[in-house]
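Architecture and fold: a report
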Amino acid sequence: MIRRITAVSEFMKIGTREFDLRNKTYVMGILNLTPDSFSDGGRWNSVDAALKHAEQMIQEGADLIDAGGESTRPGYEQISEEEEIERTVPVIEKLRKNFDIPISIDTYKGRVASACLAAGADLVNDIWGLKYEEQMAGVIAQADACCCLMHNRSHPDKNPYVNFMEDMAADLKESVRIAKNAGIRDEKIILDPGVGFAKTYENNLEAIRCLEQLGALGYPLLLGTSRKSVIGLALDLPVTERIEGTLVTTVLAVLKHCAFVRVHDVKENVRAVRMAQEILYHFS
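Residues numbered from 1 in each chain as written. Predicted model: local features only at pLDDT ≥ 70, side-chain atom pairs only at ≥ 80, totals over all residues. Heavy atoms only, no water.

**Topic: the pairing of strand β10 (residues 260–263)**
- Here β10 shows a buried face lined by Phe260 and Arg262 and a second buried face lined by Val261 and Val263.
- The sheet contact formed by strand β3 (residues 26–32) and β10 spans four bridges and is parallel. Bridge assignment links methionine 28 to a residue of β10, and that residue is arginine 262.
- Note: strand β9 (residues 222–223) against β10, two bridges, orientation parallel. Each residue of the ladder has a partner; that of leucine 222, found in β10, is phenylalanine 260. (Buried < 20%, exposed > 50% of the residue type's maximum accessible area, 1.4 Å probe, protein only. Helix = DSSP H or I, 4+ residues; strand = E, 2+ residues; numbered from the N terminus. Pairing = 2+ DSSP bridges.)

**A short note on unusual backbone geometry**
- Positive phi values are uncommon outside glycine, yet histidine 155 reaches one of about 50°.
- Secondary-structure assignment places histidine 155 in the loop between β7 (146–150) and α5 (164–182).
- Even without being a glycine, histidine 257 presents a positive backbone phi close to 65°.
- When its relative accessible area of 31% is taken as the criterion, histidine 257 is described as partly exposed.

**Points about helix α9 (residues 243–255)**
- The first and last C-alpha atoms of α9 sit 19 Å apart over 13 residues, in line with the 18 Å expected at 1.5 Å per residue.
- Looking at the buried residues of α9, the elements they touch are α6 (201–209), β9, α8 (229–235), β10 and α10 (266–281).
- Remark: histidine 257 follows α9 within two positions and exhibits a positive phi of approximately 65°. (Expected span 1.5 Å × (residues − 1). Contact = heavy atoms within 4.5 Å.)

**A look at the sheet that holds β10**
- Read across the open sheet, the eight strands follow the order β8-β7-β6-β5-β4-β3-β10-β9; overall the sheet is parallel. Either end of the sheet is taken by a strand with one partner, and the two such strands are β8 (189–192) and β9.
- Both β3 and strand β4 (residues 64–68) contribute to a ladder of five bridges, which runs parallel. By the bridge assignment, glycine 29 is partnered in β4 with isoleucine 65.
- Here α5 sits on the sheet in contact with β7 and β8, set at roughly 160° to β8. (Axes fitted to C-alpha atoms, helices over the stretch in contact; angles between N-to-C directions.)

**A look at the state of the cysteines**
- Under the criterion given, the structure shown has zero disulfides.
- The cysteine cysteine 146 is free of any disulfide, with cysteine 147 supplying the nearest cysteine sulfur at 7.4 Å.
- Cysteine cysteine 148 shares no disulfide, and the gap to the nearest cysteine sulfur, in cysteine 147, comes to 7.8 Å.
- Exposure remark for cysteine 148: the relative accessible area of 1% places this residue in the buried category. (Disulfide = S-S within 2.5 Å.)

**Some thoughts on the nonpolar core**
- Membership of the largest hydrophobic core comes to 68 residues, with the highest contact counts inside it found for Leu31, Leu95 and Ile189.
- With seven residues, α5 is the single largest residue contributor to this core.
- Counting residues in hydrophobic clusters, the runner-up holds 14 residues, among them Leu21, Met28, Leu123 and Cys146. (Core = buried A, V, L, I, M, F, W, Y, C linked by side-chain atoms within 4.5 Å.)

**Overview of the pattern of salt bridges**
- A complete count under the given rule lists 16 salt bridges for this structure.
- The residue arginine 185 makes a salt bridge to aspartate 144 at a minimum N-O spacing of 2.9 Å. Within this pair, whereas arginine 185 is found in the loop between α5 and β8, its partner aspartate 144 is found in the loop between α4 (135–143) and β7, the two being separated by 41 residues in sequence.
- Note on aspartate 144: relative accessible area 40%, which makes it partly exposed.
- With a closest N to O distance of 2.9 Å, arginine 227 and aspartate 265 form a salt bridge. Placement of the pair is arginine 227 in the loop between β9 and α8 and aspartate 265 in the loop between β10 and α10, with a sequence separation of 38 residues. We note that arginine 227, like aspartate 265, is buried. (Salt bridge = Lys/Arg side-chain N within 4 Å of Asp/Glu carboxyl O.)

**Side note on the packing of aromatic side chains**
- Inspection of the entire model under this criterion finds six aromatic pairs.
- Geometrically, the ring pair formed by tyrosine 108 and tyrosine 132 is edge-to-face, given 4.6 Å between the ring centres and 75° between the ring planes. Taken together, the residues span a long stretch of sequence, with tyrosine 108 in the loop between β5 (103–106) and α3 (110–119) and tyrosine 132 in the loop between β6 (123–126) and α4 at a distance of 24 residues.
- Judged by its relative accessible area of 39%, tyrosine 132 is partly exposed.
- Taken together, the ring pairs connect Phe19, Tyr26 and Phe260 into an aromatic cluster. (Phe/Tyr/Trp six-rings, centres within 6.5 Å; stacked < 30°, edge-to-face > 60°.)

**Re empty space enclosed by the protein**
- Counted according to the given criterion, the structure contains one cavity of 30 Å³ or more.
- One number sums up the size of the largest cavity: a volume of about 30 Å³.
- If you trace the largest cavity, you find it lined by Trp128, Gly129, Lys131, Met150, His151, Asn152, Asp171 and Ser175.
- Here the residues of the lining of the largest cavity are counted per class, giving two nonpolar, four polar and two charged. (1 Å grid on protein atoms, 1.4 Å probe; cavity = no way out; pocket = protein on both sides within 12 Å on 5 of 7 lines; lining within 4 Å. Points joined across faces, edges and corners; volume = space filled by probe spheres on them. Nonpolar A, V, L, I, M, F, W, Y, C, P; charged D, E, K, R; others polar.)

So, in structure tokens, the structure goes:
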């Protein structure tokens, strides 16, 4: 009998929904509200277009929607908090009004997170793992919201890895320490290895291959590889042709007991997850 092991809790409540962390992998649909995302910038950056795309992802089987107002592609240009709030809050308000689905806000800025949580978001997806702004952890704790803490490093060339997987685990433990010191409860924390952030091509492959080492930290994992450069480099393909590579990483996420995958192409990834889970769990 195959069962995934989560030390902290077997279930997580995000918004009004409960997620089975032990036996399922859930699909988070990406809603880019930016004009310059690396894969689909500008397609959904009006409220009506964003709502229509969110509805499509929900119909295709998305379990959560992750909305982001600032691109974090390599070499991205940071925007102001005000502009990010203007891009995200109206969409989150409409999502909350029209759909019964947990909503994540992809931001590393405390003021943006606070505004979006007030607008109806349930989870903060922080690419800096609470290390960019001191106030972020307190904002999440005060709202009793869930959070996804991603692995990242400033200036990795000046702060190189000695043992990559051990160093990544240590970095994530520091993010967890910040969260808990601020009052964020264990059952509210998700960890993300941060594929594509402060990592070489080989680092990214190792992070995906060795996910179970991060799972040993005892928190649910989210894997986000959708259309990323590691797939483009492996297959020598442009961003528009990386769906098959993404599906392979999604199946690996199921096999390695990740609780969540964050993707652009919801329908295809939902089917891949269901097929992998049927093979693993049908007779258990």
